[in-house]
Amino acid sequence: MIPYESFLFFFIVAILLLPTIILGLNGKVSKAYNLVITIILLAVIFSNSTLGAVSLVLFTIWQVILVKGYAIYRKQKNNTFIFCLAFFASILPLVLVKVFPLLGLSHIFGFLGISYLTFKAVQMIIEIRDGLIKSDLPILDFLYFLLFFPTISSGPIDRYRRFEKDRKNVPSKEQYRELLYLGINKIFRGFLYKFIIAYLIHHNVIVYLTAGPFVETHPFLGNLLYMYSYSMYLFFDFAGYSAFAIGVSYLMGIKTPENFNLPFISRNIKDFWNRWHITLSFWFRDYVYMRFVLWMTKKKWIKNRYTVSNLGYLLLFLIMGLWHGIAPQYIIYGLYHAFLMVSFDFFDRWNRKTKFWPKNNVTHVVSVIITFHFICFGFYIFSGQLFR
């Protein structure tokens, strides 16, 4: 059963969360019960996929051994080779899942949510290396963070230290009432986004454009309409999933971070990536881009910091594109956004000297409009429609 795809799933979640809500309204929390319902709901999610369930179990055991083992090792030593070994071992299952389809082995391993679980495990290894996570990492606490069911299928990607702070905190009656109100509000917003707006866009516009002769008879207009409608559909569908995940998390006392912040009013491409799939873009920023820039700066192989920054963008978005899949549209999508980031960085530095594009209300609106069109064309590439 795919999370948040059917009303049956919401019904099961509501029944299982009822004791949690009652306890919360009385200023209490049962961490053991929340862990139990996480296991029950994971069993529900993977009830139709034996392979997925087995893969999840094997993946979890693998990550527990790596993270727990590296945490023990890090208390004694800090060898770069061992860190790299643990890092690449952690992402290995995800790499195999992405590569196997090319070898005709797509049914051997993999499960729903493997990407998001991998990001959680990898960031723990990195933060253990940095000394940011120094606790003994109790296995049950790590499992609860890794397998937290509300966010397993589509994020948002939480950070262990932030998650643990919420898990250890017991909200007062008043605080939980606020969480309950916000959680229910986000769940209903998810219904509006996914089951109404995204549904109407998909069935009344996208299906019509792709199934009918309109695109063939009006190729330019048809593809233009598809580009904008697909962009809107992608946002409302994905933002709906995120709203569900965040809302259910709130009911469990966990303030899972937001994933979208009005991305289509971004004034430039950098602003867009601070608003779109925020937890993913910040993950790549912190653990790919920043580390690459710091590493290159330390090695001094390239002295021009702008060149280093541009190479960092290229690496970041190429990896992000490959993360979506090893297909031409995803790779080109990544390179496209790398080009946009490098171009904007060059323009922004040039504009600071020349004052060609002043900051005022008019230029702000124009910037939003221009950015919107570039973003939509990127989603058009991502959809694969450009190559059909």
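Rules behind the numbers
Residues numbered from 1 in each chain as written. Predicted model: local features only at pLDDT ≥ 70, side-chain atom pairs only at ≥ 80, totals over all residues. Heavy atoms only, no water. Axes fitted to C-alpha atoms, helices over the stretch in contact; angles between N-to-C directions. Helix = DSSP H or I, 4+ residues; strand = E, 2+ residues; numbered from the N terminus. Parallel < 35°, antiparallel > 145°, perpendicular 65-115°, else oblique. Contact = heavy atoms within 4.5 Å. Nonpolar A, V, L, I, M, F, W, Y, C, P; charged D, E, K, R; others polar. Core = buried A, V, L, I, M, F, W, Y, C linked by side-chain atoms within 4.5 Å. Buried < 20%, exposed > 50% of the residue type's maximum accessible area, 1.4 Å probe, protein only. Phe/Tyr/Trp six-rings, centres within 6.5 Å; stacked < 30°, edge-to-face > 60°. Lys NZ or Arg CZ within 6 Å of the ring centre and 35° of its normal. UniProt positions renumbered as here; feature names shortened; annotations may be inferred. Patch = residues over 30% accessible without salt bridge, like charges linked within 9 Å, V, L, I, M, F, W, Y side chains within 5 Å. Areas by Shrake-Rupley, 256 points an atom, 1.4 Å probe, with all protein chains shown as cover. Salt bridge = Lys/Arg side-chain N within 4 Å of Asp/Glu carboxyl O. Expected span 1.5 Å × (residues − 1). Polar contact = N/O pair within 3.5 Å; in protein donor to acceptor, adjacent residues only side chain to side chain.

(A) A look at the packing of helix α1 (residues 7-25) against helix α10 (residues 219-251). The interhelical angle for the contact between α1 and α10, taken along N-to-C directions, is 25°, at an axis separation of 10 Å. For the element pair α1 / α10, the angle class is roughly parallel. Only F244, V248 and L251 of α10 make contact with α1, whose side of the interface consists of F10, V13, L17, T20 and I21. Taken together, the residues of the contact of α1 with α10 sort by class into 7 nonpolar, 1 polar and no charged.

(B) View of the nonpolar core. One finds W273, W276, F284 and F379 to be the most contacted residues of the largest nonpolar core, which totals 115 residues. Discounting residues that sit within four places of it in the chain, W273 has contacts with S281, F282, F317, M320, Y333, H337 and M341.

(C) Broad picture of the side chain of T60. Checked against the element boundaries, T60 lands in helix α3 (residues 50-74). On the accessibility criterion, T60 (9% relative accessible area) is buried. Apart from the residues lying within four places of it in its own chain, the contact partners of T60 are L143, L146 and L147.

(D) Fine view of the packing of aromatic side chains. Evaluation of the coordinates by the stated rule reveals 57 aromatic pairs. Centre to centre, the rings of F235 and F236 are 4.9 Å apart; their planes meet at 65°, and the pair counts as edge-to-face. The ring of F145 has K120 lying over it, and the distance from NZ or CZ to the ring centre is 5.0 Å. If you follow R285 out to its NZ or CZ, it ends over the ring of F282, 4.2 Å from the centre.

(E) View of the UniProt feature "transmembrane region" (unreviewed entry) in the chain. Mapped onto the present numbering, the UniProt feature "transmembrane region" (unreviewed entry) falls on residues 6-25, 80-100, 138-157, 191-211, 232-253, 306-324, 330-350 and 362-382. Taken end to end, residues 330-350 has its terminal C-alpha atoms 30 Å apart, with 100% of it in helix and 0% in strand.

(F) Up close: the packing of helix α4 (residues 80-99) against helix α5 (residues 114-129). Relative to each other, α4 and α5 sit at 175°, their axes nearing to 10 Å. Viewed along their axes, α4 and α5 adopt a mutual orientation that is roughly antiparallel. Seen from α4, the contacting residues are T80, F83, A86, F87, S90, I91, P93, L94, V97 and K98; seen from α5, they are I114, S115, T118, A121, V122, I125, I126 and R129. Of the residues that constitute the contact of α4 with α5, the class distribution is 12 nonpolar, 4 polar and 2 charged.

(G) Representation of a nonpolar patch on the surface. Among the surface-exposed residues, W62, L92, V95 and L96 lie close enough to one another that they form a single nonpolar patch of about 310 Å² accessible area. Ranked by residue count, the leading element in the nonpolar patch is α4, at 3 residues. Relative to the helices and strands, L96 resides in helix α4. Overall, the relative accessible area of 32% leaves L96 in the partly exposed class.

(H) Representation of the pattern of salt bridges. A complete count under the given rule lists 17 salt bridges for this structure. A salt bridge links E127 to R161; the nearest nitrogen and oxygen atoms lie 3.1 Å apart. With E127 in helix α5 and R161 in helix α7 (residues 160-168), this residue pair connects regions lying 34 residues apart in the sequence. Residue D141 pairs with R167 through a salt bridge whose shortest N-O separation is 3.0 Å. With D141 in helix α6 (residues 139-146) and R167 in helix α7, this pair connects stretches of sequence that are 26 residues apart.

(I) Examining helix α15 (residues 361-383) more closely. With 23 residues, α15 extends 33 Å between its outermost C-alpha atoms, agreeing within 8% with the 33 Å of an ideal straight helix rising 1.5 Å per residue. Restricting attention to buried positions, one finds in α15 the residues T363, S367, V368, T371, I375, C376, G378, F379, Y380, I381, F382 and S383. Next to the buried residues of α15 lie α10, α11 (269-273), α13 (305-324) and α14 (328-354). Here α15 starts with a cap whose side-chain oxygen sits 3.0 Å from the backbone nitrogen of V362, and that cap is N360. Just beyond α15, the residue with positive phi is G384, at close to 90°.

(J) Looking closely at unusual backbone geometry. Between G155 and P156 the backbone carries a cis peptide bond, its omega angle lying at 0°. By the secondary structure assignment, P156 is in the loop between α6 and α7. Although it is not a glycine, Y4 adopts a positive phi angle of roughly 65°. With respect to the helices, strands and loops of the structure, Y4 is situated in the segment before α1. Classification of Y4 as buried rests on a relative accessible area of 0%. The phi dihedral of H277 falls on the positive side, at around 40°, and the residue is not glycine.

(K) Summary view of the environment of Y181. Inspection of the secondary structure assignment puts Y181 in helix α8 (residues 173-211). Residue Y181 is classed as exposed on the basis of its relative accessible area, which comes to 54%. Note: C-alpha distance between Y181 and L251 (70 residues apart in sequence) is 8.9 Å.

(L) Summary view of the environment of S172. Along the chain, the position of S172 falls in the loop between α7 and α8. Judged by its relative accessible area of 28%, S172 is partly exposed. Considering only alpha carbons, one finds S172 and S154, 18 residues apart in sequence, at a separation of 30 Å. Not counting the four nearest positions on each side in its chain, S172 is found in contact with G24 and G27.

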